[in-house]
Amino acid sequence: MKRYDYLLVGSGLYSGVFAWYAKQRGKTCLVVEKRDHIGGNVYCEDVEGIHVHKYGAHIFHTSNRKVWDFVNGLAEFNRYTNSPVANFKGEMYNMPFNMNTFSKMWGISTPAQAKAKIEEQRAGVTGEPRNLEEQAISLVGRDIYEKLVKGYTEKQWGRDCKDLPAFIIKRLPVRYTYDNNYFNDLYQGIPIGGYNVIIDKLFEGCDIETGVDYLENKEHYDSLADQVVYTGTIDAYFGYVYGKLEYRSLKFETEVLDEENHQGVAVVNYTDRETPYTRIIEHKHFEFGTQPKTVITREYPVTWQEGMEPYYPVNDEKNQALYQKYAQLAANEKKVIFGGRLGEYKYYDMDKVIESAMKKAEEVLA
């Protein structure tokens, strides 16, 4: 049997960055992936000449210069800036909440007027906010909460805002400037040619097997390598010995439209409760496409059940306490590195996943 230095379980960004560093040090890697393609959730599919973000919108942003230089060494990035728009029953509002939003909502024009309006509307919440509803009203006032936060959040979490803990929405971005750039990070963009350009470079030189369930053949795969980098769900690795961690999942509905420009922006959030999806993504706008057709994806949040793709960890107190038990078990697995969103049960932005993998690779490959 051929032996490898590293067995990488999963082929998302964490595994990719680790593999890249390992290859630089002359190490051999075998990658096993459950899906029929590599790239994890950043994988793009070519449809009508448009790079479709198959698992939801992925917009790269970071303030970490080292991470930015690293990804730019793999692909050239365009100047895409995330400026989503919120649709409340046909009324369009700029995101994040800024002077454009306030001006449209209240017919005002100055930061002082906006502050006064929010101050007046948050007066109803006294003391420490007891739930997400009170927390949101205390941050942005009742009008914005009712139109742009409530319905969207309830769809996302599948429960009433009054039944959700306040900490989920600790800080909503509120700006008293006319600035629609969603992120505060120094660097932002989309790789020209889509994320597969980066993924292919990261896994270059690795042996790859797709359509493989590592946990079903664990003994066999473990015998092929000296060390394992595991990026699947941590509770599944340990056979759910303490019970199952909770996740939120997503359902995507993608359609090719015979029109050049459907919504004029990459992301529109549907913030009313009645519209079943949370947002529509029009993929061509990520790369300023001029193709004659367009591809849109409706995104529906769903309650995760086994067999579904786990997208977001439910990081409430109950699940965090359960994760800590699994983290203790993981600490005792000397030949296994647990990493990424599922391996660490953490909601990670892409740059943070890369940062985490870089740090771990530098530590173990030193």
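Keep in mind it's a predicted model, so treat the numbers as computed, not measured. (Residues numbered from 1 in each chain as written. Predicted model: local features only at pLDDT ≥ 70, side-chain atom pairs only at ≥ 80, totals over all residues. Heavy atoms only, no water.)

Draft legend 1. Inspection of the overall build of the protein at higher detail. A count of helical and extended segments in the protein gives twelve helices and 16 strands. Computed over its C-alpha atoms, the radius of gyration of the protein comes to 22 Å, within 12% of the 21 Å expected for a compact globule of 366 residues. Burial status across the protein gives 54% buried among its 366 residues. Long-range contacts, defined here as pairs at least 24 residues apart, represent 73% of the contacts in the protein between residues at least 6 apart. For the protein, the exposed area adds up to about 17,000 Å²; of that, 47% sits on carbon and sulfur atoms. Seen as two clouds, the 45 positive and the 53 negative side-chain charges of the protein have centres 4 Å apart. (Helix = DSSP H or I, 4+ residues; strand = E, 2+ residues; numbered from the N terminus. Rg over C-alpha atoms; globule rule 2.2 N^0.38 Å. Buried < 20%, exposed > 50% of the residue type's maximum accessible area, 1.4 Å probe, protein only. Contact = heavy atoms within 4.5 Å. Areas by Shrake-Rupley, 256 points an atom, 1.4 Å probe, with all protein chains shown as cover. Lys, Arg positive; Asp, Glu negative; His and termini not counted. Charge placed at Lys NZ, Arg CZ, Asp CG, Glu CD.)

Draft legend 2. Representation of helix α1 (residues 13-24). With twelve residues, α1 should cover 16 Å at 1.5 Å per step; its first-to-last C-alpha distance of 17 Å lies within 8% of that length. Most of α1 sits out of view: nine of its twelve residues are buried. With its phi angle positive at about 75 degrees, Gly 26 sits one or two positions after the end of α1. (Expected span 1.5 Å × (residues − 1).)

Draft legend 3. View of the sheet that holds strand β11 (residues 247-257). Taken together, the seven strands give an open sheet; going across it, the order is β7-β6-β12-β13-β14-β11-β15, and neighbouring strands pair in mixed fashion. The open sheet terminates on both sides in strands that have one partner only, identified here as β7 (91-94) and β15 (312-313). Pairing of β11 with strand β14 (residues 294-303), which is carried by ten bridges, proceeds in the antiparallel orientation. Paired with Glu 253 across the two strands is Arg 298, which belongs to β14. Its contacts with the sheet put helix α6 (residues 142-157) on β6 (85-88), β7, β11, β12 (267-270), β13 (279-282) and β14, and the angle it makes with β6 is roughly 90 degrees. (Pairing = 2+ DSSP bridges. Axes fitted to C-alpha atoms, helices over the stretch in contact; angles between N-to-C directions.)

Draft legend 4. Molecular detail of the side chain of Glu 299. Mapped onto the elements of the fold, Glu 299 is located in strand β14. With a relative accessible area of 3%, Glu 299 lands in the buried category. Contacts of Glu 299, omitting those with residues within four sequence positions, involve Gly 56, Ala 57, Leu 250, Lys 251, Phe 252, Tyr 277, Thr 278, Arg 279 and Ile 281.

Draft legend 5. Summary view of empty space enclosed by the protein. Counted under the stated rule, the structure contains one cavity of 30 Å³ or more. If you trace the largest cavity, you find it lined by Leu 13, Phe 60, Val 71, Tyr 195, Ile 198, Met 350 and Ile 354. (1 Å grid on protein atoms, 1.4 Å probe; cavity = no way out; pocket = protein on both sides within 12 Å on 5 of 7 lines; lining within 4 Å. Points joined across faces, edges and corners; volume = space filled by probe spheres on them.)

Draft legend 6. Spotlight on the sheet that holds strand β2 (residues 29-33). Here five strands make up an open sheet; going across it, the order is β9-β2-β1-β10-β16 and the pairing parallel. What marks the edges here is a single partner per strand, and that holds for β9 (207-210) and β16 (336-338). Averaged over all adjacent pairs, the angle separating strand axes in this sheet is 15 degrees, with direction ignored. Two strands pair when backbone bridges link them, and strand β1 (residues 4-9) and strand β10 (residues 225-230) are joined in this way by five bridges, in the parallel orientation. Paired with Tyr 4 across the two strands is Ala 225, which belongs to β10. Contacting β1, β2, β10 and β16, α1 crosses the sheet at an angle of about 165 degrees to β1.

Draft legend 7. Structural context of the packing of helix α2 (residues 65-72) against helix α12 (residues 350-364). Between α2 and α12, whose axes approach to 10 Å, the crossing angle comes to 95 degrees. Judged by the angle between their axes, α2 and α12 are roughly perpendicular. In this structure, α2 contributes Lys 66, Val 67, Phe 70 and Val 71 to the contact, and α12 contributes Asp 351, Ile 354, Glu 355, Met 358 and Glu 362. Residue composition of the contact of α2 with α12, by class: five nonpolar, no polar and four charged. (Parallel < 35°, antiparallel > 145°, perpendicular 65-115°, else oblique. Nonpolar A, V, L, I, M, F, W, Y, C, P; charged D, E, K, R; others polar.)

Draft legend 8. Up close: the pattern of salt bridges. For the structure shown, the criterion picks out 22 salt bridges. For Glu 134, the salt bridge identified is with Arg 130, shortest N-O distance 2.5 Å. The exposure class of Glu 134 is buried, given its relative accessible area of 14%. In this structure, the salt-bridge partner of Glu 299 is Arg 279, at a minimum N-O distance of 3.1 Å. Of the two residues, Glu 299 is situated in strand β14 and Arg 279 in strand β13; the sequence distance between them amounts to 20 residues. On the basis of relative accessibility, which here comes to 16%, the residue Arg 279 falls in the buried class. Members of the salt-bridge network, linked through shared partners, are Lys 150, Glu 154 and Arg 273. (Salt bridge = Lys/Arg side-chain N within 4 Å of Asp/Glu carboxyl O.)

Draft legend 9. Fine view of the UniProt feature "domain: UDP-galactopyranose mutase C-terminal" (unreviewed entry) in the protein. Feature annotation in UniProt places "domain: UDP-galactopyranose mutase C-terminal" (unreviewed entry) on residues 147-347, given in this structure's numbering. In this annotation, residues 147-347 is assigned 23% helix and 23% strand; the end-to-end C-alpha distance for the span is 26 Å. (UniProt positions renumbered as here; feature names shortened; annotations may be inferred.)

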